[in-house]
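What the coordinates show
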Amino acid sequence: NYLYDKRLVMGRYYSVSGGNISEESLPIPEAVRAALKSLLLDRETGKGMPDPDEYQRYVTEWAETLNQPIPQIRRISFDIEVDSEKNRIPDPHLAERRVTAVGFEASDGVHEVYVLGERGKREAETPAQVTYYADEKQMILDAFEKIAGYPVVLTFNGDDFDMPYLHNRANRLGVPPEDNPLYMMRDAATLKRGVHVDLYRTFSNRAFQVYAFSNKYSEYSLNSVSNALLGEQKLDYGVPLDSLTPEQLASYCYNDARLTYMLTSFGDDLLMKLLVVISRIAKMPIDDIARLGVSQWIRSLLYYEHRRHNMLIPKRDDLNARFEGKASTDAVMKDKKYRGGLVVDPQKGIHFKVTVMDFASLYPSIIKVQNLSYETVRCAHGPECESNRVPDTSHWVCKRRNGLTALLIGSLRDLRVNYYKSLSRDGTLGEIERQQYSVVSQALKIILNASYGVMGAEMFPLYFLPAAEATTAIGRHIILETIKKCNESGIEILYGDTDSIFIKDPTPEQVQGVIEVAKADHGVELEVDKEYRYVVLSDRKKNYFGVTTSGKVDVKGLTGKKSHTPPFIRSLFGEITEILADVASEEDFERTKVRITAKMRECAERLNSRKIPLEDLSFNVMLSKAPSEYTKNIPQHIKAAMQLEHASSAAGDMSSFIGGGGEGASRKVKKGDIISYVKTVTRPGVKPVELARPDEIDSTKYMEFMESTLDQVTSVLGMDFAEIMGAKKQSALGDFFHGG
DNA sequence: TATAGGCATACGAAGATTTAATT
DNA sequence: TATTAAATCTTCGTATGCCT
């Protein structure tokens, strides 16, 4: 509230003199100013808004804040190692065991590690400067001093481990609280001064995972995130941590600190910059951006705006009372509250020359153009506004006042689509500027994508179902109307999902016509997304395969690409799609069929002769809950997980029995873990790969899975799995008899 | 302390039906 | 032939991963 009511914008520049704080604006390039001016001059910009001038002011204010240069932030990462009993994670609340090493990596070229013990004969193999300590307390005090020199401190899981452990350990060793730079909260500890960013929390945030890092990682451990984003892993000496020499421990610990730092520095400090920009948009400190979910960001953004305008923030009950808790549309799926996006039935077959068009940020556009917000949908102004109906619902929208959500989301959307996207590609600007605008564009994408979703999420404090329902209802209306217009003018639509349409071989004039109609009728921007040389559509929605004019293969939704599919089938599937990428015309298909058949037969042969390694046969499925929470059903990956836990507790200290390296014997399975299992002929039909033997593999099951996976592509090409696998002569014989 | 809904696939659980075995 | 148990099929629901 202090920040809100003082109107302090997080992430902006301020100067402090004599106890006064004043906002500073750094100069921005002339070309950027000019581009904003032309955006504001465009008469279309405020269209749909009851008060266009107010809207223009929002656009201007946002641009001023977001155009400010993004500072380079001085920061240090650290990581600790702790003595531990076998197979037991040390408890940070007790902090009974010694801290054995602390590694550092900082933005000003610090590469250091402190380690307990005597230096051996050989130098540690690490680029870091190593300091050996005999006294643990002194080492911790030195570490505290090092950390205190930076405004931002980075950790990986520091909230729940490194920070509380250091705090409590220092306490235990007699460091007085006033000399301890950390303080405890309930479970977590953090810095008294400065910003602590726990990257484990940041990378666990779905919004970052999906929109900033396009789902490249699926587990949230330092090792898997680093592996996916940096292509680097933790050090592995092949022995348990407690048997490392001090030099090895130093290298290991420093490397963890280095990876932690690198996660914020790769791609030109991408993550740090995103945190700053989102902080500016959400009016929320970086610590919170890095820890809280996207709904909290948007809450902060809206609350700031309420307080700025002296508006009352409604109570949940007041909002609920305005729609009596009932939706006016029926969801397609049960257990959903209201109806969502429209998916058009695909035209099964192979289609050449397909243009895909989509509406640029459809839902944010609708929110702006139709003035949607919790206070404008079903407003209390009476008949005048009530005549402004939302199609296919019982709702109406205010005509008198701008909706707050519409102002905020609308202005951010316009800036992203018509300003930052082009600035990030503007050749007249310097590399640094272009990069900044690309970061701003990415940050906006995250916020905009979530803006509609939160309105329909009960946990969101401004949850207002009619607003969410109106957004999707108008979306369905727009895509249906567009398809209708296309059909009337003889343009063939092959498929569409929510905000996209697949058009069969249109002329440039037809494409232009569709764009103009969408703009004129609905005020939304339709763009060409991509051009396919050909697309293979099955009769299933959200499942297709296409080759773009540039030869890039697009696979959407097919099992062959999904992460849980065994690697050997995934790579076979990949090879098949690569073969199909070469197809230029219909005649080419016949030739490729021969190549595909050969590949598949070879693969089946290897499967039946058990030549495929177990790892390549494993299904990899994530636990969305803790194992004990599976009460209604015990799916296969849980069965495998339970075997794992049993085996590890039964095996006791036979650590070599499982894995042998890295992981160690104890395998506590928890939420978020990915379980690798194979299908076997033994009892429950599954076994974790770690425990399975090649001779137990159920080849029949694998052949069936292979069939159903590959059939999604081959069946459309007119190929039959059984025939490919050698039964082809029978069918020829059958034809002969029938013919005779 | 967590944005939404729509869709495909695999499989578990339980009920319904068929088949085999026994009286 | 009636009864019971086992095997098989059917239906519904759960879980996961994906699409927009």
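Residues numbered from 1 in each chain as written. Chains lettered and ligands numbered in written order. Predicted model: local features only at pLDDT ≥ 70, side-chain atom pairs only at ≥ 80, totals over all residues. Heavy atoms only, no water.

**Describing the overall build of chain A**
- Summing up its helical and strand segments, chain A has 24 helices and 20 strands in all.
- A compact globule built from 740 residues should have a C-alpha radius of gyration of about 27 Å, and chain A, at 30 Å, falls within 12% of that.
- Its C-alpha atoms give chain A principal-axis dimensions of about 85 × 85 × 55 Å.
- Buried positions account for 49% of the 740 residues belonging to chain A.
- Considering only intrachain contacts with a sequence separation of at least 6, the fraction spanning at least 24 residues in chain A is 68%. (Helix = DSSP H or I, 4+ residues; strand = E, 2+ residues; numbered from the N terminus. Rg over C-alpha atoms; globule rule 2.2 N^0.38 Å. Buried < 20%, exposed > 50% of the residue type's maximum accessible area, 1.4 Å probe, protein only. Contact = heavy atoms within 4.5 Å.)

**Details of the pattern of salt bridges**
- Per the counting criterion, the structure on display carries 34 salt bridges.
- Ionic pairing is found between aspartate 108 and arginine 74, a salt bridge with its closest N-O pair at 3.5 Å. With aspartate 108 in the loop between β4 (99-106) and β5 (111-116) and arginine 74 in the loop between α3 (52-66) and β3 (75-82), the pair connects residues that are 34 residues apart, well separated along the chain.
- Using a relative accessible area of 39% as the deciding quantity, one classes arginine 74 as partly exposed.
- The partner of aspartate 83 in a salt bridge is arginine 98, and the shortest N-O contact between them spans 2.9 Å. Separated by 15 residues along the polypeptide, aspartate 83 in the loop between β3 and β4 and arginine 98 in the loop between β3 and β4 bring together distant segments of the chain. (Salt bridge = Lys/Arg side-chain N within 4 Å of Asp/Glu carboxyl O.)

**A word on unusual backbone geometry**
- With a phi close to 60 degrees, aspartate 268 is a non-glycine residue in the positive phi region.
- Considering the arrangement of structural elements, one finds aspartate 268 in helix α9 (residues 246-282).
- Here lysine 542, not a glycine, exhibits a phi torsion of approximately 55 degrees, which is positive.
- Note that lysine 542 resides in the loop between β15 (526-537) and β16 (544-548).
- A relative accessible area of 47% means that lysine 542 is categorised as partly exposed.

**Some thoughts on the packing of aromatic side chains**
- Within the structure shown, the criterion is met by 28 aromatic pairs.
- Each ring, one from tyrosine 4 and one from tyrosine 304, has its centre 6.0 Å from the other, and the planes form 80 degrees; the classification is edge-to-face. A residue pair is termed long-range when its members are at least 10 positions apart, and tyrosine 4 in helix α1 (residues 2-5) and tyrosine 304 in helix α11 (residues 294-308) qualify at 300 residues. Note on accessibility: tyrosine 4 and tyrosine 304 belong to one class, buried.
- These aromatic residues form a ring-pair network of at least three members: Phe203, Phe213, Tyr217, Tyr220 and Phe266.
- Stacked on the ring of tyrosine 150, the Lys or Arg arginine 74 has its end atom at 4.4 Å from the ring centre.
- The side chain of lysine 679 reaches across the aromatic face of phenylalanine 619, ending 4.9 Å from its centre. (Phe/Tyr/Trp six-rings, centres within 6.5 Å; stacked < 30°, edge-to-face > 60°. Lys NZ or Arg CZ within 6 Å of the ring centre and 35° of its normal.)

**So, the protein's contact with DNA strand B**
- As a structural note, the neighbourhood of DNA strand B is formed by 38 residues, with Val332, Met333, Gly340, Lys679 and Ser708 the closest of them.
- In DNA strand B, atoms within 4 Å of the protein come 81% from sugar and phosphate.
- Within the backbone of lysine 337, one N or O atom sits 3.4 Å away from a phosphate oxygen of DNA strand B.
- Between DNA strand B and lysine 639 there is a distance of 3.4 Å, counted from a phosphate oxygen to a side-chain nitrogen or oxygen.
- Of all the secondary-structure elements, those providing two or more residues to the surface near DNA strand B are α7 (206-212), α11, α16 (431-455), α22 (636-651) and α23 (699-714).
- If you tally residues by element for the surface near DNA strand B, the top one is α16, at five residues. (Near = heavy atom within 4 Å. Polar contact = N/O pair within 3.5 Å; in protein donor to acceptor, adjacent residues only side chain to side chain.)

**Some points on the confidence of the model for chain A**
- On average, residues of chain A score 91 in pLDDT, and 95% of them are at 70 or above.
- Across residues 652-665, where pLDDT falls below 50, the model places 14 contacts with residues more than four positions away in sequence or in other chains.
- Counting contacts from residues 728-740, a segment whose pLDDT is below 50, to residues more than four positions away or on other chains yields three contacts. (pLDDT = per-residue confidence, 0-100.)

**Describing the environment of glycine 382**
- Mapped onto the elements of the fold, glycine 382 is located in the loop between α13 (362-369) and α14 (383-386).
- Taking relative accessible area as the criterion, glycine 382 reaches 14% and is therefore assigned buried.
- In this structure, the C-alpha to C-alpha distance between glycine 382 and arginine 280, residues 102 residues apart in sequence, is 38 Å.

**Notes on the domain arrangement of chain A**
- When the domains of chain A are assigned, the result is domain 1 (75-265), domain 2 (320-429 + 462-545), domain 3 (558-610 + 702-736) and domain 4 (614-696).
- When each unit is reduced to the centre of its C-alpha atoms, the spacing between domain 2 and domain 3 is 37 Å.
- With 12 residues of domain 2 in contact, the opposing surface of domain 3 contributes 13 residues.
- Taking both partners together, domain 2 and domain 3 bury about 1,100 Å²; carbon and sulfur atoms supply 70% of that area.
- For the domain 2 face of the interface with domain 3, the top three residues by lost area are Phe352, Tyr534 and Phe545, together amounting to 43%.
- Summed over the shared surface of domain 2 and domain 3, the result is three residue pairs in polar contact (both at pLDDT 80 or more).
- Across the side of domain 2 that touches domain 3, the residue classes break down as seven nonpolar, three polar and two charged. (Domains from an automatic or database assignment. Buried area = accessible area lost by both parts, 1.4 Å probe. Nonpolar A, V, L, I, M, F, W, Y, C, P; charged D, E, K, R; others polar.)

**Brief notes about a nonpolar patch on the surface**
- The grouping of Tyr2, Val16 and Ile21 at the surface amounts to a nonpolar patch, some 340 Å² of accessible area in total.
- Note on placement: valine 16 falls in strand β1 (residues 14-17). (Patch = residues over 30% accessible without salt bridge, like charges linked within 9 Å, V, L, I, M, F, W, Y side chains within 5 Å. Areas by Shrake-Rupley, 256 points an atom, 1.4 Å probe, with all protein chains shown as cover.)

**Examining the protein's contact with DNA strand C**
- The local shell around DNA strand C holds 21 residues, among which Asp499, Lys542, Ser563, Ser624 and Tyr630 are the closest.
- In the interface set of DNA strand C, defined as its atoms within 4 Å of the protein, sugar plus phosphate atoms amount to 93%.
- Between DNA strand C and the protein, one listed contact pairs a phosphate oxygen with a side-chain N or O atom of tyrosine 544 at 3.0 Å.
- Within the side chain of lysine 625, a nitrogen or oxygen atom sits 2.9 Å from a phosphate oxygen of DNA strand C.
- Elements supplying a minimum of two residues to the surface near DNA strand C: β17 (553-556) and β18 (619-622).
- Looking at the surface near DNA strand C residue by residue, the class counts come to seven nonpolar, six polar and eight charged.

**Re the environment of alanine 63**
- Secondary-structure assignment places alanine 63 in helix α3.
- Look at alanine 63 and you get buried, because its relative accessible area is 0%.
- Along the chain, alanine 63 and arginine 33 lie 30 residues apart, while their C-alpha atoms are 9.2 Å from each other.
- What alanine 63 contacts, discounting residues up to four positions off in sequence, is Leu36, Leu415, Tyr419 and Tyr420.

**Quick notes on helix α15 (residues 404-423)**
- Spanning 20 residues, α15 covers 27 Å between terminal C-alpha atoms, matching the ideal 28 Å at 1.5 Å per step.
- The largest bend in α15 is about 40 degrees, located at arginine 416.
- In terms of residue burial, α15 counts as a mostly covered element, since 17 of its 20 residues are buried. (Expected span 1.5 Å × (residues − 1). Bend = angle between axes of the 7 residues up to and from the residue.)

**Comments concerning the packing of helix α2 (residues 30-41) against α15**
- Relative to each other, α2 and α15 sit at 155 degrees, their axes nearing to 11 Å. Viewed along their axes, α2 and α15 adopt a mutual orientation that is roughly antiparallel. The handedness of the crossing between α2 and α15 comes out as right-handed. Counted together, Val32, Ala35, Leu36 and Leu39 of α2 and Leu415, Asn418, Tyr419 and Leu423 of α15 form the full contact between these two elements. (Axes fitted to C-alpha atoms, helices over the stretch in contact; angles between N-to-C directions. Parallel < 35°, antiparallel > 145°, perpendicular 65-115°, else oblique. Left-handed = near helix turned anticlockwise from the far one by under 90°.)

**Structural notes on the sheet that holds strand β13 (residues 493-497)**
- Ordered in space as β11-β13-β14-β12-β15-β16-β17, the seven strands form an open sheet in which the pairing is antiparallel. Each edge of the open sheet carries a strand with a single partner, namely β11 (343-344) and β17.
- Most of the contacts of helix α17 (residues 465-488) go to strand β14 (residues 500-504), to which it runs at about 10 degrees, and overall it touches β11, β12 (349-359), β13, β14 and β15.
- Strand contacts of helix α18 (residues 508-522): β12, β14 and β15, with the helix running at about 130 degrees to β15, the strand carrying the most contacts. (Pairing = 2+ DSSP bridges.)

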